[in-house]
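# Structural overview for review
What follows is each chain in one-letter form.
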Amino acid sequence: SGDHVMRYPQSPEVAVPVEGDFLRYNRLIGGVQFVQTVAESKECAVLQSLQGRFGRWWSKRCTPTPSHYNLPPEDWAAESVEHLHRVEWFLPVNTSAEWQQKLVDMETGCQGTENRSCLCKTCQAAAPFPSGMLGSPWIDETSQKISVRFLIFNPEFGQYALVSSVFFFARSGHIWKMIVVQSFQMNPYGADTLTQAVLVAAFAVWCLILLRNFVAETREVISVLRRYGFDGIWSQYLEFWNVVDWISVLGSIPVLTVWFTFDASVYDINDTVHRMIDQGLMYDETALTDLFSMVDKTNFQAKLQRYLFCAYPLIVMLRLFKSFHAQPRLALVTRTLVECAVDIGHFGLIFCVIAITYTVGGICLFGQDLFYYANFPRALHSTFRMILGDSSWDDLSLVGEVPAGAYYWTFNILVVTVMLNMLLAIIMDAYSTVKESIGDNAETLVSQGQEIYRRFIAIRANTMVAMSDIQEAFLQASADELLREKGDFYRKQDGADDLPLLREHARVSAMGATDLLSFDDLTKKLPSVPPSQLEELMLGAKAAYERAHPNPSPEDQALETLMAGVEGLRHVMQSIYHHFHIEGYAHKQHQSFVHSEHKAANADEEQEEVPPPPQKDVAPSLPELATMFRDGLLTRQEFDGCKQIVLSHLGIVTVNV
């Protein structure tokens, strides 16, 4: 229709159509590539006894293809470029007549080219040729996948795109067809400055968080190694949340590696295209083949990068659950999962047995007619989809209304109706238990946020001390106290008088200590903390202990019963004294001791009953309890029980550091 001149904005006048333009906004890089993968010749799948007779009748070898070619292929099969053979190029610099002649030569295997050169280079290279032919057709019985593809650049989005029309030659005779597009940005960090700045800043923050987590976990490992040695890694350090922390740190290594590798590959492609334009190699077949190989490699890296970017947020999600564990109402979900984990495990075993049974039954019943039941992975996936209600009765009924109906009805009744509701019942039962243990007065996220804000304002006003500072000061004071009491033990254990190492060991011991602390004890250890904050700290510790131990011990229950209607500490102590039978136990021990003394001194004299010790008006004090325990009149369990009850009602609580 002649040349047309069109003025583009801010561009000189150019004639259209422009050579290499594709769909107006894209520019073809190089030309169109025809490439294929071929199968190796092997023996046919025939009975060994018929191999000779059958071979003479068939008169050629078989060329099997991968099993997934016999079913509708997936995108990954079309995108893979393993073992490329018989590469042919169709370039824009060639005329349409040359393109047509080359296609004919590819089809005929260079027949009729006695007076001219064959345009199919790989056809001429094929050997041995069929009888009477100058070359071999480009498509033959060994062809298993053919890709017709071209590379384009879109300046509107700043991206490369590899467009491929793929044909799979199944050995059943069917040809599967797919069109796939693989694209990536020429600048992975974005085209505009603002986007690049945001991405770089986010990347820097992420790297700093990773570095912080790595340093924190490494310091914790070193602390455990110093205290417990290598055995302590297994016994003291390795627990679920620490493993999650290390996975989040180590999992970033492949993410960063693939990202920087992909980034370098993209810039290599940019440099290669720039060099081909400058040197006039845009239509050089060797340069184009190398460029397409680089694009295939980059596309693979981009796909692997997307997989890693999909998996890594799941690890981050686990770390979020670790944070949720600190808030009672947010921890409701995680605690529910932990509570019902054992029951779900046993239920899952039965569920898997039933699901696998129906999967195998589906293969036997539908595998001959429906491709999504053709093998075990596809059938298992279809079974799971049926559990969620994603199934087509029209497809299933192709094998017959009666057998398909029996399979469909029994599956829905047993699996969907019964098993899924049992799973829901297990989860709801655990949820109810956890919900009851948390209580209705558990702190909400809003109230906790208000508390954090209140403490922040108070710390800024110097009316409160930060909890981290309190913990550090408390641990340091406890460590110094342990070092004074057990310094010789630590020196003997380490075999050296290294003060920093001894202090570290004492600090680790203090972190795991559970002691009875009074208000005066905290005041001595934390003199810089306001008394009002210490009181709040002790009340909070007591409330936390009660939440962690919702079921009181028998001694606590008996004490609550005895305290009903009793006034004054004197009567409470008498009730405690009576509850633990201290007087009766002491009298029994005293009588047994005197009886043995009299028996040893004079076996013939008649024993006189030893009168019990006089009744006390009040229960024994702590020093008296300690004396009775030292003299063997109280067991360890009885002594600890009495001491705990006495201290708890004197306003002294247990603080777990």
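Sequence order sets the numbering: in each chain, residues are counted from 1 along the sequence as written. The predicted origin of the model limits local features to residues at a pLDDT of at least 70 and limits the giving and counting of side-chain atom pairs to 80 or more, whereas totals for whole chains, interfaces and linings rest on all residues. Values shown for side chains rest on all heavy atoms present in the structure; no hydrogens or waters enter the calculation.

## A look at helix α5 (residues 193-228)
With 36 residues, α5 should cover 52 Å at 1.5 Å per step; its first-to-last C-alpha distance of 52 Å lies within 8% of that length. Listing the buried residues of α5 in full gives Leu210, Asn213, Glu217, Val221, Ser223, Val224 and Arg227. Strands here are runs of E lasting at least two residues and helices are runs of H or I lasting at least four, both read from the DSSP assignment and numbered beginning at the N terminus. Phi turns positive, to about 80°, at Gly229, one or two residues after α5. Each residue after the first adds 1.5 Å to the expected span of a helix. The buried label goes to any residue with under 20% of its type's maximum accessible area, the exposed label to any with over 50%, and the partly exposed label to all in between, with areas taken from a 1.4 Å probe on protein chains only.

## Some words on the pairing of strand β8 (residues 175-185)
The sheet contact formed by strand β7 (residues 159-169) and β8 spans 11 bridges and is antiparallel. What sits directly across from Gln159, in β8, is Gln185. Counting the residues between successive antiparallel strands, the hairpin from β7 to β8 contains five residues, one of them, Gly173, with a positive phi of roughly 105°. A pair of strands is treated as paired once DSSP finds two or more bridges between them.

## So, the pattern of salt bridges
Salt-bridge detection follows one rule: a side-chain nitrogen of Lys or Arg within 4 Å of a carboxyl oxygen of Asp or Glu. Inspection of the entire model under this criterion finds 11 salt bridges. When the shortest N-O distance is used, the salt bridge between Glu79 and Lys303 registers 3.0 Å. You can see Glu79 sitting in helix α2 (residues 75-79) and its partner Lys303 sitting in helix α9 (residues 285-324), a full 224 residues away along the chain. Owing to a relative accessible area of 16%, Lys303 belongs among the buried residues under this scheme. Between Asp140 and Arg86 there is a salt bridge; the shortest N-O distance is 3.0 Å. With a gap of 54 residues between them, Asp140 in the loop between α4 (121-125) and β6 (143-154) and Arg86 in strand β5 (residues 85-90) connect regions that are remote in the sequence. Taking the relative accessible area as the measure of exposure, Asp140 reaches 27% and is therefore partly exposed. The class for Arg86 is partly exposed, based on a relative accessible area of 22%. Beyond isolated ion pairs, a larger network of salt bridges with shared partners links Asp245, Arg319 and Lys322.

## Details of unusual backbone geometry
In the Ramachandran plot, Arg24 falls in the positive-phi region, its phi being about 70° despite a non-glycine side chain. Looking at the secondary structure, you find Arg24 in the loop between β3 (21-22) and β4 (26-38). Residue class for Arg24 comes out exposed when judged on its relative accessible area of 54%. Backbone geometry places Asn462, a non-glycine residue, at a positive phi of 65°. Position of Asn462 relative to the elements: it lies in the loop between α15 (445-460) and α16 (467-494). With relative accessibility at 69%, the residue Asn462 sits in the exposed group.

## Remarks on the packing of helix α11 (residues 341-366) against helix α14 (residues 401-438)
Between α11 and α14, whose axes approach to 11 Å, the crossing angle comes to 165°. Viewed along their axes, α11 and α14 adopt a mutual orientation that is roughly antiparallel. Both α11 and α14 take part in a crossing whose hand is left-handed. Residues are grouped as follows: Ala, Val, Leu, Ile, Met, Phe, Trp, Tyr, Cys and Pro are nonpolar; Asp, Glu, Lys and Arg are charged; every other residue, Gly included, is polar. Classifying every residue of the contact of α11 with α14 by side-chain character gives 20 nonpolar, three polar and one charged. Note on geometry: axes are lines fitted to C-alpha atoms, helical ones only across the stretch in contact, with angles between N-to-C directions running from 0 to 180 degrees. Put simply, angles under 35 degrees are roughly parallel, angles over 145 are roughly antiparallel, angles from 65 to 115 are roughly perpendicular, and the rest are oblique. The hand of a helix crossing depends on one turn: near helix anticlockwise from the far one by less than a right angle means left-handed, and clockwise means right-handed.

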